Amino acid sequence: MPHFTTYDGTELAYRVTGEGEPLVCLAGGPPRDADHLGGLSAHRTLVLLDAPGTGASAAPADPGTYRCDWRPGDVEALRAHLGPERIDLLGHSAGGDLATLYAAAHPGRIRSLVLVASPGRALGVGTTEEERRSHRAADAHHGEGAYDPERTRRALAALTAPVLVLAGEYDAGPTPAKAAEAAACFPYAELVVQPGAGHFPWVDDADAFVRPVAAFLDPEVRTVTVDGVRLAYRVRGSEGAPSVVLVHGRGENSTTWAEVAAELAADHRVYAVDLRGHGLSDRPGRYGFDAFRDELGGFIEALGLARATVVAHSMGAAAAYLLAQRAPELIGRLVLEEPPVFFPLDPPRPPAERPEGRLGFDWEIVPATDAQLNAPDPAWRAEVPAIGAPTLVLAGGPASHVPQEHLTWLAEHVPDGRLVTIEDAGHLVHTTRRDAFLGAVREFGLSG
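What counts, and at which threshold
Residues numbered from 1 in each chain as written. Predicted model: local features only at pLDDT ≥ 70, side-chain atom pairs only at ≥ 80, totals over all residues. Heavy atoms only, no water. Pairing = 2+ DSSP bridges. Helix = DSSP H or I, 4+ residues; strand = E, 2+ residues; numbered from the N terminus. Axes fitted to C-alpha atoms, helices over the stretch in contact; angles between N-to-C directions. Contact = heavy atoms within 4.5 Å. Expected span 1.5 Å × (residues − 1). Buried < 20%, exposed > 50% of the residue type's maximum accessible area, 1.4 Å probe, protein only. Right-handed = clockwise from strand over helix to strand, strands pointing away. Arc of directions from axis to C-beta. Salt bridge = Lys/Arg side-chain N within 4 Å of Asp/Glu carboxyl O. Core = buried A, V, L, I, M, F, W, Y, C linked by side-chain atoms within 4.5 Å.

Peer 1: Give a detailed account of the sheet that holds strand S2 (residues 11-17), specifying residues and quantitative values.
Peer 2: Taken in spatial order, the eight strands of this open sheet run S1-S2-S4-S3-S5-S6-S7-S8, and their pairing is mixed. The strands lining the two open edges of the sheet, one partner per strand, are strand S1 (3-5) and strand S8 (189-194). Sheet twist, expressed as the average angle between the axes of neighbouring strands with direction ignored, equals 25 degrees. Where strand S5 (residues 87-92) meets strand S6 (residues 110-116), six bridges bridge the pair, whose relative direction is parallel. Bridge assignment links Gly91 to a residue of S6, and that residue is Leu115. Against the sheet, helix H2 (residues 94-105) engages strand S3 (22-26), S5 and S6, with an angle of about 145 degrees to S5.

Peer 1: Explain H2 to me, using residue names and the numbers behind them.
Peer 2: If you check H2, its first and last C-alpha atoms are 17 Å apart, about what 12 residues at 1.5 Å a residue would give, namely 16 Å. H2 sits mainly inside the fold: 11 of its 12 residues count as buried. Buried within H2 we find Ala94, Gly95, Gly96, Asp97, Leu98, Ala99, Thr100, Leu101, Tyr102, Ala103 and Ala104. Buried residues belonging to H2 abut S3, helix H1 (72-82), S5, S6 and helix H4 (149-156).

Peer 1: So what's going on with the pairing of strand S7 (residues 163-168)? Which residues, and what values?
Peer 2: Of all six residues that make up S7, six are buried, and the element is covered over most of its length. The pairing of S6 with S7 spans four bridges and is classified as parallel. Following the sheet pairing, Val114 is matched in S7 by Leu164. Across six bridges, the pairing between S7 and S8 is parallel. Along S8, the bridge assignment pairs Ala167 with Val193. Regarding topology, helix H5 (residues 176-183) serves as the crossover connection from S7 to the parallel S8, and that connection is right-handed.

Peer 1: I'd like to hear about H5, residue by residue, with values.
Peer 2: One turn of the α-helix equals 3.6 residues, which is why residues spaced by three or four share an orientation. When H5 is considered as a whole, its buried residues turn out to be Lys178, Ala179, Ala182 and Ala183. Around the axis of H5, the buried residues are gathered within 145 degrees of arc, so they sit on the same side.

Peer 1: For the pattern of salt bridges, give the residues involved together with the corresponding values.
Peer 2: Between side chains of opposite charge, pairing is possible as soon as their charged atoms come close. Here the structure, examined in full by the defined rule, presents 25 salt bridges. Of the charged contacts in the structure, one is a salt bridge between Asp88 and Arg111, with a shortest N-O distance of 2.7 Å. Remark: Arg111 occurs in strand S6 and Asp88 occurs in strand S5; sequence separation between them is 23 residues. Judged by relative accessible area, which is 3%, Asp88 ranks as buried.

Peer 1: Can you explain the nonpolar core? Please cite residues and give values.
Peer 2: In terms of nonpolar packing, the biggest core is built from 54 residues, with Phe299, Val310, Tyr321 and Leu334 touching the most fellow members. Top element by residues in this core is helix H10 (residues 314-326). It accounts for nine residues. Among the nonpolar cores identified, the runner-up in size contains 38 residues, and Leu49, Ile110, Ala146 and Ala179 belong to it.

Peer 1: Tell me about unusual backbone geometry, and name the residues and values.
Peer 2: The step from Gly173 to Pro174 runs through a cis peptide bond, and the omega angle for that step is 10 degrees. Here Pro174 lies in the loop between S7 and H5. Look at the link from Asp346 to Pro347: it is a cis peptide, with omega at 5 degrees. The residue Pro347 is located in the loop between strand S14 (331-337) and helix H11 (365-374) in this model. The phi torsion at Arg307 lies on the positive side, around 75 degrees, for a residue other than glycine. Within the secondary structure layout, Arg307 lies in the loop between helix H9 (289-302) and strand S13 (308-313). Even without glycine at this site, Phe342 takes up a positive phi of about 65 degrees. Secondary-structure assignment places Phe342 in the loop between S14 and H11.

In short, geometric facts, not functional conclusions.
So this is what it looks like as structure tokens:
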């Protein structure tokens, strides 16, 4: 286990797990060990610090220095030991107070800050007697004089790094209201309340905890809230360039478009969204083509992308053309890659069995959309002639499971529609025949 020597000569230990950019993690406690934050290791390299006198770290020579205001020096010594000029820092519970004090003392060393179930003592956020009983931390850590909230808040005015404050819906300390007070103390902070969670949100629902934290920490990912659902999305290309919105299929996410987005970003501003239940977006539990349609419209409106070109695959393509029927003013041009056309399936799809293991999407999407494919709303097909946008329907040929005659029907019934078949592509045209896909899209045109 690696060690380093902190400012007062104490030898401290830390653990390293995962891959990717380092994330320094300060455990709640102080009696707790740092191992409990391992759930993020699929996205980041976790540097898990053992506090003085905890785990494999030595106790300080002066017991008085257990107090929280003495310990930001440990974090700075660890940063210097690791080498980067700025760090991503996560603190849980009492570790959140230490992270806050470090950010106040060294605002220029913070690249991003995540506070999980942090009681906000360092910020002077009041605690009830119930909250105090729920945090039986060592008296030395929170001893008299450990915190000067007014001074800390003044110092945090210099913090330009983004801050994520995450609270559990049912946590007694901090309550979501207290977490909101804490978030307001930072110049650039956002609050996420994890539904159904308490003081250890990754224990209550690991996926629901990891998604917003991973999205926040990824510099390529942004988020926007549409009808109460937090959506992650990725942006490439120059601001001011014509906008293109990329929409993935069922079970996929924005990363499926990585190579296509890189190509299109040469002359367009490209937005690739994770629809609800997919990727790093929320999983609200209500799914269906109509829900995805409304969400896509809300996404376009929230980001001011009306009249953008929408390029969409499969389930996302169906949502896109349903939106083009209902809100034609939002769509400039439309590229539909292998969409379902809402002829009732005959025979209908039988109930699908969930695969073993963790999935990158909410399995409830599958039965919800299968039911709509088996017995679709008749209006979804009847209103195809209402699509006013120039529309390219891309077919993958006989290797696809989508009936190709349905795609021909769709292209013929859109007033300004055309069909291009890319042979031997199958259902994932943009993946299996990327160059041909891009050639067809560019020939069609991406700007109005």
